[in-house]
Amino acid sequence: MTENENTSNDPIIICEDVHKWFDDFHVLKGITTTFKKGEKAVICGPSGSGKSTFIRTINRLEEHQRGTIIVDGIELTNDLRNINLIRQEVGMVFQQFNLFPHLSNLKNITLGPIRVRKLSKRKAEEEALALLERMGIADQAYKYPSEISGGQQQRVAIARALAMEPKIMLFDEPTSALDPEMISEVLDVMRELAHSGMTMLVVTHEMGFAREVADRVMFFDEGVVVEEAVPADFFDNPQHERTKLFISQTLQH
Amino acid sequence: MHHASNTMAQNSTKIPFWRDTRVLQVLFQILFLLGVFLLAGILYANMLKGLDNLGLNLKLDFLRNEAGFDVSDTVIEYDPSNTYLKAFIVGVLNTLRVSLLGILCATVLGLFIGISRLSTNWLVRNIAATYIEIFRNIPLLLQILFWYTVFGSLPAARESINLFDTVFINNRSIYFPSLQQTAGISSWVGYFYAAAILSVISIFVLALIFHRKQVERMEEGDDIGYFTHVTRAAKWSIVPVFFIVAIIGWFLAPESPFVLGRPELQRFNVEGGIRFSAGFISLLIALSVYTSAFIAEVVRSGIQAVSKGQREAARAVGLSTGQTLRLIILPQAVPIIIPPLTSQYLNLAKNSSLATAAGYDDLFRIGSTILTQAGKAIPVFAMVMANYLIISLTTSAAMNWYNRWVNRFNR
Ligand SMILES: Nc1ncnc2c1ncn2[C@@H]1O[C@H](COP(=O)(O)OP(=O)(O)O)[C@@H](O)[C@H]1O
Ligand SMILES: [Mg+2]
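Residues numbered from 1 in each chain as written. Chains lettered and ligands numbered in written order. Predicted model: local features only at pLDDT ≥ 70, side-chain atom pairs only at ≥ 80, totals over all residues. Heavy atoms only, no water.

### A short note on the overall build of chain B
Alright, step 1. Within chain B, the regular secondary structure consists of twelve helices and eight strands.
Alright, step 2. Seen through its principal axes, chain B has C-alpha atoms that stretch 105 × 90 × 55 Å.
Alright, step 3. The 411 residues of chain B split such that 36% are buried.
Alright, step 4. Across chain B, the fraction of contacts at a sequence separation of at least 24, relative to all contacts at a separation of at least 6, is 67%.
Alright, step 5. Working note: accessible area of chain B is about 24900 Å², and carbon and sulfur atoms make up 67% of it.
Alright, step 6. The average position of the 32 basic charges and that of the 23 acidic charges among the side chains of chain B differ by 10 Å. (Helix = DSSP H or I, 4+ residues; strand = E, 2+ residues; numbered from the N terminus. Buried < 20%, exposed > 50% of the residue type's maximum accessible area, 1.4 Å probe, protein only. Contact = heavy atoms within 4.5 Å. Areas by Shrake-Rupley, 256 points an atom, 1.4 Å probe, with all protein chains shown as cover. Lys, Arg positive; Asp, Glu negative; His and termini not counted. Charge placed at Lys NZ, Arg CZ, Asp CG, Glu CD.)

Structure follows, in structure tokens:
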């Protein structure tokens, strides 16, 4: 078993029968699950199965229409105050990085702390530089996103999310837009983050990463969780036909 | 081998000029320009001959003659005994006034409507959409006449509408309070010299304090240099010192340096304040509203051109909707917006020549009057056209400069 020593038994995200429609299209069909503090969950599944939509409901970039989501004791409703609280507790890293191109890497990171956490500029910059150091790119602080490589951009994006001191980090295919030689530098940073005890929900097809880091692998298909298990069981002894097919296809690559 | 490469090298340095593309390009351009000048010269000579036969000429002497007509709404002092040239300048200034104010109002309105057009609020979004569709699809001339008619249906001067004793409106004019200098102005200005001296002292003192503080904090010998302290000290000195001195000076001066000259309703008319004619206001409203509808669309498409991911990333780090718009979306949308915005500005300036419909004496209208009275069609037309051209080219140049400034960080 790869049960992580950081994982406690306190739930931090509780999803009860979560449904989501895009107009008539039923994307999430009743997701019920609980993530514990410090847990690392890897979410995989075919394209269009609702993985992104699911993790985006957790910081309310998408609204769910039925069921309940409770994040660190705060229920996600239309209450603006709750939404703002949640967004400070939940960091997100996107497939396309989404760095702000008109701001230097440092300013990308300090924007949230200065404007939302109300830190002084000096304090925010100190923290940002420390984060860039941790990401191994301290020397890129004063460049613009367009001047650094994809792998470096994604690490700036991770630093930007961490600068808000979130309790939970969401990753939506963080390495899918990267050239192969840059994938490992981003995974290394995520691995380090995992060991630091962060609660992480990671949508990825990096099966090596999943085996090594995840406490649980969830398999999505057509808006439902078809199967979930610890990595060893998931990869070596999948129960469902669709899971087996998916694993064999993914591992062939 | 050696021999062969040698001849090749010689070959490349010695091309006869009639085969050298560099020479030929320049030569063709010179020939082309010569041709254009020649053609223009022939046409010009022909025109002069024709005019001569008609007993006309292109001389500008007539500009010194007395204009003899009145202009009701002017920026500078003018009366009918002034020259045509003065009347012409009055027209230019009137066109500039309505264009500049129109550009300002249209931009503010357009920005507001364009952002509202993308609101998540159904009502706001649809009101903005309706505004855009109505005002950009009704011909501008009709809109000018509409506002002019609305104005015309207001009460006459002696029954002017009185808004809080501050603004007066009647069917001919609108009056706003104006700032008027008093004798107190000279001593108030005097305090600004004091402010300048105080600022300089304050900069030195602050820079010294900043420097001391940094020396205390210095660990790795990372001296950022004295100049940084000076600029920082200047930032913290100049504005506050001037601000404080300006306020203190205001009260210390024997008389307030400016007083508000409020318009007052007399027996037959409104006196005092600053007056705008109904024609000017109708034209200004019509131009602003009409152009704002186009600017709103420019703003909307500029905002939509910024990727959805940018908004999501901003929301994900906890920025509010307003912060997201101000700090993330607009800075990226502005460079996209500027080129189409420029052409809206140019349209507004040129459309101001419809002023005649509201009886406002702009460049075109005064030009036409001069033309009719003095009978100098070609010079007057040339002057009017040249002025519109200058206004347009200046606008373009200013916007190009702004565009470069906005894009200074994009490499
Ligand atoms: N904003 C949207 N509007 C309409 N349909 C959407 C939207 N976002 C996603 N979808 C649809 O929802 C489904 C699930 O999308 P997504 O969660 O992105 O899948 P995944 O991340 O697993 O590939 C897809 O069929 C997609 O086309
Ligand atoms: Mg996805």
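### So, the site of ligand 1
Residues and elements named next belong to chain A.
Alright, step 1. Close to ligand 1 lie Phe22, Phe25, Val27, Pro46, Ser47, Gly48, Ser49, Gly50, Lys51, Ser52 and Thr53.
Alright, step 2. Measuring from an oxygen atom of ligand 1, one finds a side-chain N or O atom of Ser52 at 2.6 Å.
Alright, step 3. Of all the elements in the fold, those that place two or more residues in the shell around ligand 1 are strand 2 (25–36) and helix 1 (51–58).
Alright, step 4. Per-element tally for the shell around ligand 1: the top contributor is helix 1, with three residues.
Alright, step 5. Looking at the shell around ligand 1 residue by residue, the classes come out as four nonpolar, six polar and one charged. (Near = heavy atom within 4 Å. Polar contact = N/O pair within 3.5 Å; in protein donor to acceptor, adjacent residues only side chain to side chain. Nonpolar A, V, L, I, M, F, W, Y, C, P; charged D, E, K, R; others polar.)

### Overview of the interface of chain B and chain A
Alright, step 1. Counting from both sides, the interface comprises 20 residues of chain B and, opposite them, 21 residues of chain A.
Alright, step 2. Both faces considered, chain B and chain A share a buried interface measuring about 1800 Å² in area, 57% of it formed by carbon and sulfur atoms.
Alright, step 3. Among the residues chain B hides against chain A, the three largest losses belong to B:Glu312, B:Ala316 and B:Val317. Together they make up 28% of the total.
Alright, step 4. Where chain B meets chain A, there are one salt bridge. (Buried area = accessible area lost by both parts, 1.4 Å probe. Salt bridge = Lys/Arg side-chain N within 4 Å of Asp/Glu carboxyl O.)

### Concerning the nonpolar core
Alright, step 1. The biggest cluster of nonpolar side chains holds 75 residues, and the ones touching the most others in it are A:Ile13, A:Phe54, A:Ile55, A:Val71, A:Leu170 and B:Ile328.
Alright, step 2. Considering every element that reaches this core, the biggest residue donor is helix 8 (residues 278–305) of chain B, with twelve residues.
Alright, step 3. Those residues in contact with A:Ile13 that lie beyond four places of it in its chain are A:Thr33, A:Thr34, A:Phe35, A:Ile58, A:Ile70, A:Val71, A:Ile168 and A:Leu201.
Alright, step 4. Residues A:Cys44, A:Ile109, A:Ile148 and A:Leu193 belong to the second largest nonpolar core, which totals 48 residues. (Core = buried A, V, L, I, M, F, W, Y, C linked by side-chain atoms within 4.5 Å.)

### Points about the sheet that holds strand 8 (residues 199–203) of chain A
All names here are of chain A.
Alright, step 1. Here six strands make up an open sheet; going across it, the order is 6-7-8-3-9-10 and the pairing mixed. Two strands lie at the open edges of the sheet, namely strand 6 (90–93) and strand 10 (224–229), each paired on one side alone. Looking at each pair of strands side by side, their axes are set apart by 20 degrees on average, direction ignored.
Alright, step 2. Taken together, the four bridges between strand 3 (residues 40–44) and strand 8 define a ladder with parallel strand orientation. Each bridged residue has a counterpart across the sheet, and for Ile43 the counterpart in strand 8 is Val203.
Alright, step 3. In the packing of helix 2 (residues 80–89) onto the sheet, contacts are made with strand 6 and strand 7 (168–172), and the angle to strand 6 comes to roughly 60 degrees.
Alright, step 4. Contacts from helix 6 (residues 180–195) reach strand 3, strand 7 and strand 8, with the element oriented near 150 degrees to strand 8. (Pairing = 2+ DSSP bridges. Axes fitted to C-alpha atoms, helices over the stretch in contact; angles between N-to-C directions.)

### Focus: the pattern of salt bridges
Pairing between side chains of opposite charge can happen when the charged atoms of each approach one another.
Alright, step 1. Enumeration over the complete set of coordinates arrives at 24 salt bridges over all chains.
Alright, step 2. Between A:Lys123 and A:Glu127 there is a salt bridge, with the nearest N and O atoms lying 3.2 Å from each other. Taken together, the positions of A:Lys123 and A:Glu127, both in helix 4 (residues 121–134) and four residues apart, correspond to about one turn of that helix.
Alright, step 3. In this structure, B:Glu297 engages B:Arg300 in a salt bridge whose closest nitrogen and oxygen atoms are separated by 3.1 Å.

### Concerning the domain arrangement of chain B
Alright, step 1. If you check the domain split of chain B, you get domain 1 (2–53), domain 2 (84–155 + 278–409) and domain 3 (181–261).
Alright, step 2. Placing a centre on the C-alpha atoms of domain 1 of chain B and another on those of domain 2 of chain B gives a separation of 44 Å. (Domains from an automatic or database assignment.)

### A closer look at a nonpolar patch on the surface
All names here are of chain B.
Alright, step 1. Taken together, Phe243, Ile244, Ile247, Ile248, Trp250, Phe251 and Leu252 make up a surface patch of nonpolar side chains, about 750 Å² in accessible area.
Alright, step 2. Along the chain, the position of Ile247 falls in helix 7 (residues 226–252).
Alright, step 3. Given the relative accessible area of 41%, Ile247 is considered partly exposed. (Patch = residues over 30% accessible without salt bridge, like charges linked within 9 Å, V, L, I, M, F, W, Y side chains within 5 Å.)

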